[in-house]
Amino acid sequence: MSSGEMMERGRYLTFTMGEEGFGLEVAHVREIMELTRITEVPGAPVFMRGVINLRGNVVPVIDLGVKLGITGRGRTVDTCIIVVEVPFEGENTVMGAVVDSVQEVVEFGDDEIEATPKIGTGIKKDLIKGIGKRQGGFIMILDARVFSAEELVIVDAGGRAAGEG
């Protein structure tokens, strides 16, 4: 990088699952809400908790800990849903993710994010963009593909799974 170029800095919402810290680009986050009633969807993947009613819209909700293979702390007063908007088939799809707790928004420069190690994370490498160093610990920066709508039962506005009559 030449001295005339600015170091790009990204903003990330940090949250926890179990004892691990994670980050997601703020640009994908729509809101953070308290854990609410989640309606189960029969036949959905094990990591899909179900759907919620978000201001009249049906929004699928995943358990991010289950999807990543991390044992969470169980439901506490800090457990919440991060509502995200991610691209899918040329459109933005809204979905929620249950996490143990939300921490803060932090900035990382490109020089503060290291490549994902080839071994030792236990999480599919393509779901992690890198690892940020923060206050003596690490924040795993998730790729938005962790919210892959292709793996979910997509629910339309009528509450039916995609493809149902």
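Bear in mind the structure is a predicted one, so any value in this text is a computation, not a measurement.

Chemist: Would you mind going over the sheet that holds strand β9 (residues 113–114) with me for this structure?
Modeler: Backbone hydrogen bonds hold the strands of a sheet together, and the pairing may be parallel or antiparallel. Strand order in the open sheet formed by six strands is β8-β1-β2-β11-β10-β9, and the pairing between neighbours is mixed. Since the sheet does not close on itself, it has two edges, and those belong to β8 (101–109) and β9, each with one partner. As judged from the seven bridges shared by strand β1 (residues 9–17) and β8, these two strands associate in the antiparallel manner. Bridge assignment links glycine 10 to a residue of β8, and that residue is phenylalanine 108.

Chemist: Even after reading the chapter, I still don't get the packing of aromatic side chains, so can you show me in this structure?
Modeler: To describe a pair of aromatic rings, one takes the distance between the centres and the angle between the planes. Summed over all chains, the structure comprises two aromatic pairs. Arranged with centres 5.9 Å apart and planes meeting at 50°, the rings of tyrosine 12 and phenylalanine 108 form a pair that is tilted. With tyrosine 12 in strand β1 and phenylalanine 108 in strand β8, the pair connects residues that are 96 residues apart, well separated along the chain. As far as burial versus exposure is concerned, tyrosine 12 and phenylalanine 108 are alike and both buried. With a centroid separation of 5.9 Å and 20° between ring planes, the pair formed by phenylalanine 15 and phenylalanine 22 is classed as stacked. Given a relative accessible area of 2%, phenylalanine 15 falls into the buried group. The exposure class of phenylalanine 22 is buried, given its relative accessible area of 0%. Stacked on the ring of phenylalanine 47, the Lys or Arg lysine 67 has its end atom at 4.9 Å from the ring centre.

Chemist: Where do I start with the sheet that holds strand β4 (residues 48–54) in this structure?
Modeler: Strand order across the open sheet formed by five strands is β3-β6-β7-β5-β4, with mixed pairing between neighbours. The two strands at the open ends of the sheet, each matched to only one other strand, are β3 (29–34) and β4. Across the sheet, the axes of successive neighbouring strands diverge by a mean angle of 30°, strand direction being ignored. Alignment of strand β5 (residues 57–63) against strand β7 (residues 91–99), held across three bridges, turns out to be parallel.

Rules used throughout
- Residues numbered from 1 in each chain as written.
- Predicted model: local features only at pLDDT ≥ 70, side-chain atom pairs only at ≥ 80, totals over all residues.
- Heavy atoms only, no water.
- Pairing = 2+ DSSP bridges.
- Helix = DSSP H or I, 4+ residues; strand = E, 2+ residues; numbered from the N terminus.
- Phe/Tyr/Trp six-rings, centres within 6.5 Å; stacked < 30°, edge-to-face > 60°.
- Buried < 20%, exposed > 50% of the residue type's maximum accessible area, 1.4 Å probe, protein only.
- Lys NZ or Arg CZ within 6 Å of the ring centre and 35° of its normal.
- Axes fitted to C-alpha atoms, helices over the stretch in contact; angles between N-to-C directions.

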